[in-house]
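The primary structure of each chain is shown beneath.
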Amino acid sequence: MDPGSGVRSSGLEHPLRIREPLLEPLPHQIQGAEHFAKSGKGLLADEMGLGKGGTTFTWLKLIGAKRTFLTAPYEITSNLKAEIPKWIDDRPVIDLRGHKKEDRQTVFDLISNFDSFICLLNLEGWRADTSIITNLVKLQFDSVVIDEAHNINNGKTLSYKGLRELAYAINKCPRCGHLIEPLYTCNRKNCSEQGERFSNRWCFKCGQVAAKIKIPRCPSCYCDPTSNPDKARSVQHLLEITGTPVQNNPIEWFWLESLWNPTLTSKNYFLKEHCYVNSQGKHVWTENGKKRLVRRTAPYYLARTRKDAGIILPPQSVITREYEFDKQNYAEQWNLYKRVENQFKLDMESGTVGITEAVVQLLRLRQILVWPAGIDGVTIRKSFKLDLVTNLAGEFLDAGQRIVVFSHFKEPLRELQRRLGSTAVVYDGDTPQSLREAIRDDFKDPDASHPLWNVVLCNYRSAGEGLNLIGATQAIVLDKDWSPGRNKQSWARLDRIGQTRETAIHIPTILKTVDVWMDKLNDFKATIDSEAIRQAMEAA
């Protein structure tokens, strides 16, 4: 979710203390909120940098949400926690992250007595403890918000299964609103809990998704909830937020839509209606399939460009810099690269390499090209590509520019930090929370006069989504992501509402290497990603 952008309104929390005034939404954020207020659910896929957060919080106000569950990848939740009070200040924000099991249960028991609240938990939060979903169902949320929703585009994950259970749980008496607690049993053979009734959706012993056996009558008015299942579900509003709903395969759309469209149940039927299989065995959108998708989802889907929203920002250019590998001065690195590449080709020709092994080998080639010393057992500390990036960063720093560097690999980021010195800071999974907050504060102002750092070295997983880095104007891509959607997400960190200067993305590409293959992969995936759906919407 983009950090909310808007203008401040005046307000007082207490006659003796002035509080920070709430943000007010921009016109396009109000229009977006009204769109989803009519349908009550759907997918917000505005272009990156349009302030989807402002649209979402305005939507929550319009629908009169009282109990809201907000979830996102762990790296994003801290940003959300800081953003909520800027838009909504009339209810507590309950952070469920990081509690021990017994402490979390105390929190659940406490907030069940509140009339209105916002609960915040990362998408990975219930992987180790599936009873969390059972407790969330008992809280009878009326609204669910899923930020960076492309992270749940696989129906086999516990993240998806937990959210589906929460979205469709029959947990509320349609007549009096009393809590309904379904009973379950495990049907897995040899499980000690087989046949025993319990209230958790997942078996405590074997982790198997339990079979629902009974929806009891309301203990207060004895009403049968199954007589009106739509009203017996407390979650009446669900909003998914992502600028890239489809990144690799059209089936990703199916999993996202299935959380707010209960009639979408057959994966095979979805693929048959919307896709065909190309010569490479990949599912690709058909023109008629895109039209069917547009007709069905128009009331529930919104994907606007900056032009649609009337937002004008300085241009961002993407510059590919092509280089021939310097085989003479970097002979050790080149020989290692060619040795691994040749072995990979032989393995592929023999047909003995599966998909997983092929991905591992490609990842190894990318590591060698970027920073071979980052591989266990490799002592080669000269890297043609890393030297190029170091020199390029030096040129930008000499010109007074602030820089963001993106990479999948932690080791080259640490090496760059060593080379650039105290002007650079690393933002990856190992960065302490206090330092992350300091980095975000330091890079959110495009006109900062005395910044703490001029270079932030970002790992895609930790810093490729949800951050506002408009204090920088130059980005260097040390290695591309596998997905064009994720690349766009990362580059948009510099290109957001509030940016006042032109920005540029620099992509050093080494010819006749895996870099070229990655470019071709991204070009192909661009034909099946969210942009194809956006164009179909515009045509309609």
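Residues numbered from 1 in each chain as written. Predicted model: local features only at pLDDT ≥ 70, side-chain atom pairs only at ≥ 80, totals over all residues. Heavy atoms only, no water.

Participant: Is there a simple way to think about the confidence of the model for the chain in this case?
Facilitator: Any residue range with low pLDDT should be treated as having predicted coordinates unsuitable for detailed reading. Averaged over every residue, the pLDDT of the chain is 87; the share at 70 or more is 89%. Confidence drops under a pLDDT of 50 for residues 7–18, and excluding neighbours within four residues, the segment shows 17 contacts in the predicted structure. (pLDDT = per-residue confidence, 0-100. Contact = heavy atoms within 4.5 Å.)

Participant: Is there a simple way to explain the pairing of strand β15 (residues 403–407) in this structure?
Facilitator: On a regular strand, one side chain projects to one face of the sheet and the next to the other, so that they alternate. Counting buried positions along β15 yields five of five residues, so the element is predominantly enclosed. What you see with β15 is no split at all: I403, V405 and S407 on one side and V404 and F406 on the other are buried throughout. As paired strands, β15 and strand β17 (residues 455–459) are joined by five bridges and run parallel to one another. Residue pairing in the sheet places V404 in a bridge with V456 of β17. Relative to strand β18 (residues 474–477), β15 is paired through four bridges, and the arrangement is parallel. Paired with V404 across the two strands is A475, which belongs to β18. (Buried < 20%, exposed > 50% of the residue type's maximum accessible area, 1.4 Å probe, protein only. Helix = DSSP H or I, 4+ residues; strand = E, 2+ residues; numbered from the N terminus. Pairing = 2+ DSSP bridges.)

Participant: Which parts of the structure should I look at to understand the pairing of strand β10 (residues 237–241)?
Facilitator: A large share of β10 lies buried, amounting to five of its five residues. Across four bridges, strand β3 (residues 41–44) lies against β10 in parallel orientation. Following the sheet pairing, G42 is matched in β10 by L239. Bridge analysis of strand β7 (residues 143–147) against β10 gives five bridges, and the strand direction is parallel. Looking at β10, one finds that V145 is bridged to L239.

Participant: Can you help me understand the nonpolar core in this one?
Facilitator: Generally speaking, soluble globular proteins have nonpolar side chains that are buried together. Grouped together as the largest cluster of nonpolar side chains are 47 residues, with contacts concentrated most on F69, C119, L136, F141, I146 and F270. Counting residues per element, the ones that place at least two in this core are α4 (101–111), β6 (117–122), α5 (131–138), β7, α6 (158–168), α7 (251–257) and α8 (267–274). Non-local contacts of F141, meaning those with residues more than four positions away in its chain, are made with R67, T68, F69, F117, C119, L136, L166, S234 and V235. (Core = buried A, V, L, I, M, F, W, Y, C linked by side-chain atoms within 4.5 Å.)

Participant: So what exactly am I meant to see when it comes to the sheet that holds β6 here?
Facilitator: The strands making up a sheet associate through hydrogen bonds between their backbones, and the pairing can be parallel or antiparallel. What the seven strands build is an open sheet, ordered β5-β6-β4-β7-β10-β3-β13; its pairing is parallel. The strands lining the two open edges of the sheet, one partner per strand, are β5 (93–95) and β13 (301–302).

Participant: Explanation requested: the pattern of salt bridges in the structure shown.
Facilitator: Charged atoms that come close allow side chains of opposite charge to pair. Inspection of the entire model under this criterion finds 28 salt bridges. With its nearest N and O atoms 3.2 Å apart, the salt bridge here joins K86 to E83. Of this pair, K86 and E83 both sit in helix α3 (residues 74–87), three residues apart, which is roughly one turn of that helix. Owing to a relative accessible area of 11%, E83 belongs among the buried residues under this scheme. Salt bridges sharing common partners tie together R381, D387, E415, R418 and R419. (Salt bridge = Lys/Arg side-chain N within 4 Å of Asp/Glu carboxyl O.)

Participant: In this structure, what is going on with the sheet that holds strand β14 (residues 316–323)? I would like to understand it.
Facilitator: An order of β14-β19-β18-β15-β17-β16 is seen for the six strands of this open sheet, with the pairing classed as parallel. Lying at the two open borders of the sheet, with one neighbouring strand each, are β14 and β16 (424–427). Averaged over all pairs of adjacent strands, the angle between their axes in this sheet comes to 20°, without regard to strand direction. Across the sheet, helix α13 (residues 384–398) is in contact with β14, β15, β17, β18 and β19 (503–510); its angle to β19 comes to roughly 155°. (Axes fitted to C-alpha atoms, helices over the stretch in contact; angles between N-to-C directions.)

Participant: What is the right way to read the packing of helix α11 (residues 331–350) against helix α12 (residues 355–370) from this model?
Facilitator: It is at 9 Å that the axes of α11 and α12 come closest, and there the two elements cross at 165°. The angle between α11 and α12 falls in the class roughly antiparallel. α12 is crossed by α11, and the crossing has left-handed handedness. In this structure, α11 contributes Q333, L336, Y337, V340, E341, F344, D347 and M348 to the contact, and α12 contributes A358, Q361, L362, R364, L365, I368 and L369. For the contact of α11 with α12, the residue count by class is 10 nonpolar, two polar and three charged. (Parallel < 35°, antiparallel > 145°, perpendicular 65-115°, else oblique. Left-handed = near helix turned anticlockwise from the far one by under 90°. Nonpolar A, V, L, I, M, F, W, Y, C, P; charged D, E, K, R; others polar.)

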